[in-house]
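The lines below spell out each chain.
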Amino acid sequence: MTTEPPAGPPYRIETLAHLTGASVRTIRAYQDRGLLPRPERQGRANHYSDAHRTRLHQIADLLDRGYGLASIKELLDAHDTGRGLGGVLGLVTEVDGPWTDEEPSRVSRSDLTARFGGTADDRAIADAVALGVLEPVPGDEDAFLVPSPQELSVAVELHAAGVPLGAITAHLRELRVQVEQIAARFLEFTTEHVFARYLDGPHRPTDTDAAEAASLVRRLRPLARQTVDAELARAMRLFAGRHLRRHLGTGDPVPPESGTRPVQVPVETMRAVEALVGPEHAAGFLALAAEREVRARSLDRLVSSHAASDDLDEEG
């Protein structure tokens with residue numbers, strides 16, 4: 001005959017595990033990671049309360065939603081410092097939600113082969129998986145999830161037009177760096193001018209603040225894509241005709257390369273430069289620093305060349 005655990009607190013760890021469905025080992029692991037407060041020590045026994053029971057249910061719910069333990073700790077820390085978990089979760093759910101109305105689809109390996117000319121190319125598939133264009137389906141080696149069917153369709157059309165698969169994936173890698181820089185800049189811009197008042201004030205955001213920020217995310221979400229679409233259309237109008245006339249030999253001669261080129265700079269480096277000279281002067285500072293380094297190396301080469309020439313003269 002089994003004895004039912006007591007219904008109310010304080011709980012022993014075994015009782016808490018029974019009531020929440022978590023194992024004793026899991027409860028202790030959550031304590032070690034700071035997800036669960038330490039129990040109250042009374043004599044030689046550890047006592048847990050309903051707060052521990054509630055916290056374990058919250059963790060289980062967030063795990064079911066797909067959050068990792070690190071993200072769960074951030075959310076629970078936010079809750080513990082005065083922000084309502086509901087409001088924070090609403091904001092996080094909005095940010096983590098889909099930023100496109102595309103619906104993912106599935107495709108078989110044989111269908112991929114047919115769409116790309118009928119010749120199997122395992123290396124191209126591996127590249128597509130590495131880029132996230134294809135995602136393996138667990139338990140089915142011959143099927144893939146396609147997060148963006150439009151992106152896959154573009155690759156199919158480019159390949160049908162004669163572009164090698166290797167060139168397509170290389171172009172996507174380069175394009176992705178540039179698009180990620182645009183996305184990062186848009187987020188910095190909106191955070192500075194819109195979300196800072198909700199997230200960076202002297203007081204912790206309330207549930208109302210988080211709900212208003214979530215509503216703003218819903219309203220601003222399409223703006224990034226609309227802006228990029230409009231600017232890409234403008235740039236294509238500007239360059240496409242000029243590019244075609246140049247290749248037909250009816251346009252102006254190709255001007256010398258000028259302007260700017262996007263480069264990847266580590267986030268910590270960029271923050272340090274912005275702290276030193278201000279965000280508005282960061283690009284100029286990096287350009288001047290690079291130019292100074294190039295000139296210094298050129299001077300070093302001249303000096304080395306001259307020293308080597310002197311050595312040869314002395315030996316002669």
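None of the values given here were measured: they were computed from a predicted structure.

### Details of the overall build of the protein chain
Okay, so step 1: What the protein chain contains, in helices and strands, is twelve helices and five strands.
Okay, so step 2: Taken over 316 residues, the protein chain has a buried fraction of 23%.
Okay, so step 3: Within the protein chain, contacts between residues separated by at least 24 positions form 56% of all contacts whose residues are at least 6 apart in sequence.
Okay, so step 4: Accessible surface computed for the protein chain: about 22,300 Å², of which carbon and sulfur atoms make up 56%.

### Points about the sheet that holds strand 3 (residues 105–108)
Two orientations exist for strands paired in a sheet by backbone hydrogen bonds: parallel and antiparallel.
Okay, so step 1: With antiparallel pairing, three strands are arranged side by side in an open sheet as 3-5-4. Edge positions in the sheet fall to strand 3 and strand 4 (135–137), since each has one partner strand and no second. Here the strands of the sheet are splayed against their neighbours by 40 degrees on average, with no regard to which way each runs.
Okay, so step 2: Pairing between strand 4 and strand 5 (residues 140–146): three bridges, direction antiparallel. Its bridge partner being in strand 5, Val137 is matched across the sheet by Asp140.

### Here we look at the pattern of salt bridges
Okay, so step 1: Summed over the entire model, instances satisfying the criterion amount to seven salt bridges.
Okay, so step 2: The partner of Asp122 in a salt bridge is Arg109, with the nearest N and O atoms 3.6 Å apart. Linking Asp122 in helix 7 (residues 122–131) with Arg109 in helix 6 (residues 109–115), this pair joins segments that are 13 residues apart in sequence.
Okay, so step 3: Given a relative accessible area of 55%, Asp122 falls into the exposed group.
Okay, so step 4: Note on Arg109: relative accessible area 27%, which makes it partly exposed.
Okay, so step 5: A salt bridge links Asp127 to Arg173; the nearest nitrogen and oxygen atoms lie 3.8 Å apart. Residue Asp127 is found in helix 7, and its partner Arg173 is found in helix 9 (residues 165–199); the two are separated by 46 residues along the sequence.
Okay, so step 6: We classify Asp127 as partly exposed; its relative accessible area is 22%.

### Overview of the layout of surface pockets
Summary: where empty space remains is shown by rolling a probe the size of a single water molecule over the atoms.
Okay, so step 1: The space that makes up the second largest pocket amounts to roughly 1,300 Å³.
Okay, so step 2: Gln181, Arg185, Glu188, Val263 and Met270 are the residues nearest the centre of the second largest pocket, which is lined by 25 residues in total.
Okay, so step 3: Those elements giving two or more residues to the lining of the second largest pocket turn out to be helix 9, helix 11 (267–277) and helix 12 (282–315).
Okay, so step 4: For the lining of the second largest pocket, the element with the most residues is helix 9, which contributes nine residues.
Okay, so step 5: When the residues that make up the lining of the second largest pocket are grouped by side-chain class, the tally is 14 nonpolar, four polar and seven charged.

What counts as what
Each residue is numbered by its place in its chain's sequence as written, counting from 1. Selection of residues for local features in this predicted model requires a pLDDT of at least 70, selection of side-chain atom pairs for listing and counting requires 80 or more, and totals for whole chains, interfaces and linings are taken over all residues. The basis for the side-chain values is all heavy atoms of the structure; hydrogens and waters are excluded. Only DSSP runs of H or I with at least four residues qualify as helices, and only runs of E with at least two residues qualify as strands; both kinds are numbered from the N terminus onward. Relative accessible area decides the class of each residue, using a 1.4 Å probe on protein chains only: under 20% of the type maximum gives buried, over 50% gives exposed, and in between gives partly exposed. Only heavy atoms matter for contacts: two residues are in contact if any of them lie within 4.5 Å across the pair. Only the protein chains shown count as cover for residues, and the accessible areas themselves come from Shrake-Rupley with a 1.4 Å probe. A pair of strands is considered paired only if DSSP assigns at least 2 bridges between the two. All axes are obtained by fitting lines to C-alpha atoms, using only the stretch in contact for helices, and the reported angles, taken between N-to-C directions, cover 0 to 180 degrees. Just to be clear on terms, a salt bridge is a Lys or Arg side-chain nitrogen sitting within 4 Å of an Asp or Glu carboxyl oxygen. Only protein atoms enter the 1 Å grid used here, on which a cavity is any set of points holding a 1.4 Å probe that cannot leave and a pocket is any open set flanked by protein within 12 Å on both sides along at least five of seven lines; residues with an atom within 4 Å of a point are listed as lining. Grid points are joined across faces, edges and corners, and a volume is the space filled by probe spheres set on the points. When residues are sorted by character, Ala, Val, Leu, Ile, Met, Phe, Trp, Tyr, Cys and Pro go into the nonpolar class, Asp, Glu, Lys and Arg into the charged class, and all the rest, Gly among them, into the polar class.

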